[in-house]
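Coordinate inspection notes
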Amino acid sequence: MLIDGAIPTSDLGAEWMWGLKREGPMIQRILSKARSARSAFRVPLLAVATSIVLALVVTACGDDGTGPGPTIATITISATTTTLTALDETTQYTATALDANGDPVGSVTFTWSSSNNAVATVNSSGLVTAEGNGTATITASAGGRSGSSGVTVAQEVSQAVFTVPPTNWSAGVTFATDVVVELRDANDNVAENNNNAVTLSIGNNPNSGTLLGTFTRDAVAGVATFPGLSIDNPGAGYTLEATQGTVDGESDPFNLTLPSVYVPNSGSNSVSVISTATNSVITTVPVGGNPRGIAISPDGLIAYVSNGAGSSVSVVETPTNSVATTITVGTSPEGIAFTPDGTTAYVVNRNGTISVIDASTNTVTTTITGVGTDPTDIAVTPDGTAAYVSVFGADSVAVISTATNTVTARIAVGAGPFSATVTPDGQFVYVPNGTATTVSVISTSSNTVTATIPVGLGPSSVAISPDGALAYVTNNGSSTVSVIATATNTVTTTFPLGSGPGDGGFKPEGDVIYISNFGNGTVSVVDVATNNLVTTISVGSSPVRLSVMPAPAP
C-alpha cells in the first residue's frame, strides 16, 4: 500500500505505525500541505512525511506513564512522621514514582486520598491533617499505579484546663457548681481518647483549708467532672490544681467566706462573729473603743468597724477574723456603707462630716463637710450613684452624689432619724424617726417623702428582706419589731423581742433575720415565715448594730 502513491507502509517501523494511527488525521492535513510545498520547492514527499511522523512518535513517548515511554511500575511514599498527637497537627507526605528498573519517573502528577477523612485528610500536595483519633491510609495514585502509607492520630494530653472552676463561695458549703476540667492536646483540642483519672488538690492555700469530697475522678472523653466539693476554711485567693500524670493545670483564684453575722459590742470593745450554720459565736475580735457601726465589703473579705471613742475604723479581715489595720477618721464615727463595687467606703462622723475611704489602700481620700448636725447612718443606692445620710440633729436626710462627694439635696423627715436603708431595687429609702415613732419612706427618683408609717416607740433601724417585700423595724423603746409590707407601706404585725432591739439583718436566703438587743447583750434569731423566735445568742455588751455576710459574688 502506498500513501499518496509515494510512501510504502512496509518501510515504516513500529513507532511510525503507532504514531500514524494516533495522529493520522493530523498527518493527512500536514501531507496535504506538503504536496503544495513539493510543487513549489520540489521537496521529496517521503522525506517530509518521515520527519513529521518521527516528531510525533517522540512526542507520544512522554514520561507521564500514559505513553510507550518510561512506565510507572511502583509508587513509594515517605512522611515526616506517621503519628500525630494533636488534632489540627499536620505532616507532609511525599510520593515518588519508579519505573521497572527502580529509577524515578519525573514530572508525575499524583492524586492523593485518605481512607478515613474523619481521622486524617490530605490535600493535593500530600499535606496530611489530623482530624480525629484513629488510623487511616494515605494513598498517592498516578498512571494506573498507587502507593499507600498509614497514619495514626492519637491525642496526647499537654494541658489540664478548668472550664468550670470554683467561684467565690462560702467556706464549708458545697460549691455552687460542679468543677469541670478538660484535658487538651497541644492545639487546645479536648483529648477525647483520654479516660484516665484526674486528681484535684488545693494549689494556693491562704488559710490552711482542706478540700472535702471526692477529688479523684475518671475523665470521660477527655472531660473530668467533680461534684460535691467544698473547702472548710474561709480565705482569699484559693486555687485548685488538676493533675494527670505529668500534666497539671491551675484554676483562677476564688474567695471563700464564712456565712456569719458580725456584731460590734459597744460596751466591750469587740466584735462577736456568729456562724449562721450553728447560730453560735465562733470568735470574738478585739477592736477599738466603743465600736458602734459595721459594714462588710461586697466580696465578704473585709469588715469595717467604726470605733466611736477612738475616731477610727478597724479593718477586720474576715477569713482570719483579725484586725489588719486601723484608719483614722472624723470624730465619733458611727454608720458605715460600702459602694456596690466595694472600692469605696463612707463613714459618718457625728461631728457633721463623712470620711471617704479608698478600700484598696485603706486610706481616707476626702472628707465631706456640711452634712448637718449629728449624722448617724448612711446607705448607698444599688447603682452606687447616691448615698443617703440620716441627720439625727436636723430631722432630715442629706443626699450625697458619689461622683462629686458633695451634698446635692436635703429631705425633711420625722424627728430624730437614726438610720437609713435603701430597698434592693433602689427606688425607696426607709428612715426610722427615733423620737417620732414613725418611718419615713423617700422616693429616690424625686427625693421626696411619699409615705409616713406609724410604728413602735423609738424605732432605730429598718431591715429590708432580700426580695424587697418586707421591712422589719426595730423599736428600741418598746422592745418590739414592726413588720411593714412594702407594697402597701402598712404594718402587718408587731411582735415583742429582746431588750432594746437595735439593728437587724437578713440572711441572704431571706428566711431568717438576726436582731441585736442593746439592753441585754444578745442577738435574737427570728424565723421570717412565722416571726417566731428560733434562738437567742449571747454576745458582748451593748450591741448597737450588726452586719450579715453577703451572699458570695461570682
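Along each chain, residues carry numbers from 1 onward, in the same order as the chain's sequence is written. For a predicted model such as this one, the threshold for reporting local features is a pLDDT of at least 70, and the threshold for listing and counting side-chain atom pairs is 80 or more; totals across whole chains, interfaces and linings nevertheless cover every residue. Only hydrogens and water are removed before side-chain values are computed, so all heavy atoms of the structure are retained for them.

Digging into the packing of aromatic side chains
Put simply, the test is: Note on ring pairs: Phe, Tyr and Trp rings are taken, using the six-membered ring of Trp, and paired if centres are within 6.5 Å. Classes follow the plane angle, with under 30 degrees stacked, over 60 edge-to-face and the rest tilted. Put simply, DSSP H or I for four residues or longer makes a helix, DSSP E for two residues or longer makes a strand, and each gets a number counted from the N terminus. Buried residues are those whose accessible area, probed at 1.4 Å on protein chains only, stays under 20% of the maximum for their type, while exposed residues exceed 50% and partly exposed ones sit between those limits.
Scanning the model with the defined rule gives 6 aromatic pairs in all. Aromatic pair F175 and F254: ring centres 5.9 Å apart, planes at 80°, arrangement edge-to-face. Here F175 is found in the loop between β12 (169-170) and β13 (179-184), whereas its partner F254 is found in strand β22 (residues 254-257), with 79 residues between them in sequence. Each member of the pair F175 and F254 is classed as buried. Between Y304 and F338, the ring centres sit 4.9 Å apart and the planes meet at 45°, which makes this aromatic pair tilted. In this pair, Y304 sits in strand β27 (residues 302-307) while F338 sits in strand β30 (residues 333-338), placing the two residues 34 residues apart along the sequence. Overall, Y304 belongs to the buried group, its relative accessible area being 0%. The exposure class assigned to F338 is buried, which follows from its relative accessible area of 10%.

Observations regarding the pairing of strand β41 (residues 448-454)
Note the cut-off: Two strands are said to pair when DSSP picks up at least two bridges between them.
Pairing of strand β40 (residues 438-443) with β41, which is carried by 6 bridges, proceeds in the antiparallel orientation. Residue pairing for β41: S443 is matched across the bridge by T448. With antiparallel pairing between neighbouring strands as the criterion, β40 and β41 make up a hairpin whose turn holds 4 residues, including N447 at a positive phi of roughly 55°.

Comments concerning the confidence of the model for the chain
Note the cut-off: Scored from 0 to 100, pLDDT reflects the predictor's confidence in each residue. Any two residues whose heavy atoms approach within 4.5 Å are treated as being in contact.
On average, residues of the chain carry a pLDDT of 90, and 87% of them reach 70 or more. Predicted confidence is poor over residues 1-67, with pLDDT under 50, and the contacts of this stretch with residues over four places away or in other chains come to 56 contacts.

Describing the sheet that holds strand β8 (residues 127-130)
Operational definition: Convention adopted: a line fitted to C-alpha atoms gives each axis, helices being fitted over their contacting stretch, and angles between N-to-C directions are expressed from 0 to 180 degrees.
Spatially, β3-β5-β8-β7 is the arrangement adopted by the 4 strands of the open sheet, whose pairing is antiparallel. For this open sheet the edge positions go to β3 (74-79) and β7 (120-122), each flanked by a neighbour on one side alone. Direction aside, neighbouring strands of the sheet carry axes that sit 25° apart on average.

With respect to the pattern of salt bridges
Spelled out, the test is: Take a side-chain nitrogen of Lys or Arg and a carboxyl oxygen of Asp or Glu: if they are within 4 Å of each other, that pair is a salt bridge.
Here the structure, examined in full by the defined rule, presents 6 salt bridges. The partner of R184 in a salt bridge is D188, and the shortest N-O contact between them spans 3.0 Å. Here R184 falls in the buried class, since its relative accessible area comes to 15%.

Description of the side chain of N349
Basically, it comes down to this: N or O atoms closer than or at 3.5 Å make up a polar contact, with two conditions inside protein: a donor-capable atom paired with an acceptor-capable one, and, for residues adjacent in sequence, both atoms drawn from side chains.
Here N349 shows up in strand β31 (residues 344-349). The class for N349 is buried, based on a relative accessible area of 0%. At 3.0 Å, the side chain of N349 and the side chain of S355 are in polar contact.

A short note on the sheet that holds strand β21 (residues 247-250)
Strand order in the open sheet made by the 4 strands is β16-β14-β20-β21, with antiparallel pairing throughout. Here the strands that pair on one side only, and so sit at the sheet edges, are β16 (216-218) and β21. Here the average twist between neighbouring strands, direction ignored, is 25°.

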